[in-house]
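Coordinate analysis (summary)
One-letter residues, chain by chain:
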Amino acid sequence: MSASQRDVKNRIGSVRNIQKITRAMEMVAAARLRRAEQRIEALRPYAGAIRRMTRQAAEAAGSEISGLAILRQHEAENSVALLLVTGDRGLAGAFNSQIIRAGLRAAREHEGDGRAVLYSAVGRRGVSTLNFRGKEPVGRYVGFTDRPSYADAREIAEELIAAYVDGKADRVEIFYNGYISPLTQEVRRETLLPLQQATILEGSDPEDSDHADAADDAHSSHHALVEYEPDPDEILARLIPDYVEISVYRALLESTASEHGARMTAMRNASENAGELIEDLTLEMNRARQAEITQEIMEVVAGAESLT
Amino acid sequence: MAKTPFRTEVLTPEGSCFDEEVVQVSTRTKTGSIGILARHQPLLGMLEPTELRLYRSDTDIVTYAQGEGYIQVSPDGVLLLVEEAHRPESLDVGDLRDKLRRAEEALSAAEAGTEEQRRAARDRRRWEAFLQIAGGAAG
């Protein structure tokens, strides 16, 4: 075997190894994606129950809920907090970069309008990119993007709420990859605070509302008898911030599902490319081998001819 | 006399972790410890971190470390909506001590009257309660 053949053979070997890795990563991402999808599903009953309870408490309280600090719009918007939800790891196509791009674009808009921007980031990728660009994030939340828990979301939401209520930020926006399907994710930009009253009292999940109305009807006759501990206003004051927590949690879950989906797609493409590369290299190797054989035959024939 | 069983569900954002018939539920609301038997008056209450005890019978008791949440008692049964519910044996004492220490630091750093301070106080209460439950499970 000639040197060039051995070279090509080595290259085929290493591409094949890479292909094994990308295939394995694709499979791992697919398994994690399924789990992430299940967790999005698991949140629904809880979110629905919180919404029903809020309606019940709001009815019983009978007062305007708009007095709560997180619902009150600040008169002047001087500073905005942006939360960028990225992943801890790369190798997932445009997953991380598109969030950072969207966040920085929005930041430029806000700064153009004279508002100061405070950054927070979920995921090592977002934190390190922001640091690199000299936009140091005030909140850094890393180490859980593979499997975010509600406690992670609560920590983030509570810090954002505290910043809003204590007047450090007059508006809070979140950027994350919304999960549509394993193949499609879209960058979503949502306003977390001030919390919109509409998101609380009109259910945003159509599938919840039928169920909720039926339950409301069933319970309406008992309303007068319900005992509240403590009184409904106080319960309501704690239920409302839960919406922010749930929104953050849902964004984290969707982002995780999107990350696994994006990685699955990226790794499938990588495996396919590796396959094509292997085919090309094999062809090249066969050609080199054929050329060598032809060469040898020619030499033999020429040698034989010279003897006659 | 045998107690009447009623349906009780514990629902967390990560899914339902208990959905069975029990004869008694005991937990803690903002105003104090509370025990619920069948045919309790309809109630909507705010739960504080504590040890949640679900009595399948007088002797068979399932316990959870319960975070903040809500309890709804209706004629159909009891619904506990909690932010987190862990089996006592799954709690990590070292991790909880860390969290408690961080909450205490945050509390002493926070200015009085701010949301930041209220939040740190909530965290401290929760980790204290969990630590107590974890200690009880270990000892």
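Residues numbered from 1 in each chain as written. Chains lettered and ligands numbered in written order. Predicted model: local features only at pLDDT ≥ 70, side-chain atom pairs only at ≥ 80, totals over all residues.

For the rest of this paragraph, the subject is the nonpolar core. Ranked by size, the top nonpolar core spans 91 residues in total, and within it Ala81, Leu83, Val85 and Leu160 of chain A together with Leu81 of chain B carry the most contacts. Among the elements that line this core, the one with the most residues is helix α7 (residues 232-307) of chain A, at 17 residues. With residues near it in sequence (within four places) discarded, Leu160 of chain A still touches Ala81, Leu83, Val172, Leu192 and Leu193 of chain A. (Core = buried A, V, L, I, M, F, W, Y, C linked by C-beta atoms within 7 Å. Buried ≥ 20, exposed ≤ 12 C-beta atoms within 10 Å, placed from the backbone. Helix = DSSP H or I, 4+ residues; strand = E, 2+ residues; numbered from the N terminus. Contact = placed C-beta atoms within 7 Å.)

It is worth spelling out unusual backbone geometry at this point. The omega torsion of the bond from Leu193 of chain A to Pro194 of chain A falls at 0°, within 30 degrees of zero and hence cis. Within the secondary structure, Pro194 of chain A is located in the loop between β5 (185-193) and α5 (197-201). Of note in this structure, Leu91 of chain A is not a glycine but carries a positive phi near 55°. If you trace the backbone, Leu91 of chain A turns up in the loop between β1 (79-85) and α2 (95-112). Taking the C-beta count within 10 Å as the criterion, Leu91 of chain A has 15 such neighbours and is therefore assigned partly exposed. Of note, Arg39 of chain B is a non-glycine position whose phi angle comes to about 60°, a positive value. Turning to its location among the elements, Arg39 of chain B is positioned in the loop between β4 (32-36) and β5 (43-47). Exposure remark for Arg39 of chain B: the 9 C-beta atoms within 10 Å place this residue in the exposed category.

By a widely used convention, the size of an interface equals the accessible area lost when the partners come together. Residues and elements named next belong to chain B. Considered domain by domain, chain B is made up of domain 1 (6-86) and domain 2 (92-138). Domain 1 and domain 2 are separated by 23 Å when their C-alpha centres are compared. For the side of domain 1 that touches domain 2, the class distribution of residues is two nonpolar, two polar and two charged. (Domains from an automatic or database assignment. Nonpolar A, V, L, I, M, F, W, Y, C, P; charged D, E, K, R; others polar.)

Time to look at the sheet that holds β1 of chain A. Residues and elements named next belong to chain A. Reading across the sheet, the five strands line up as β3-β2-β1-β4-β5 and stay open at both edges, with mixed pairing between neighbours. Because the sheet does not close on itself, it has two edges, and the strands there are β3 (139-141) and β5. The sheet shows a mean angle of 20° between the axes of neighbouring strands, taken without regard to direction. Alignment of strand β4 (residues 172-179) against β5, held across eight bridges, turns out to be antiparallel. Paired with Tyr176 across the bridge in β5 is Arg188. Against the sheet, helix α3 (residues 124-132) engages β1, β2 (116-122) and β3, with an angle of about 145° to β2. In this fold α7 packs onto β1, β2, β4 and β5, with an angle of close to 40° to the strand it touches most, β4. (Pairing = 2+ DSSP bridges. Axes fitted to C-alpha atoms, helices over the stretch in contact; angles between N-to-C directions.)

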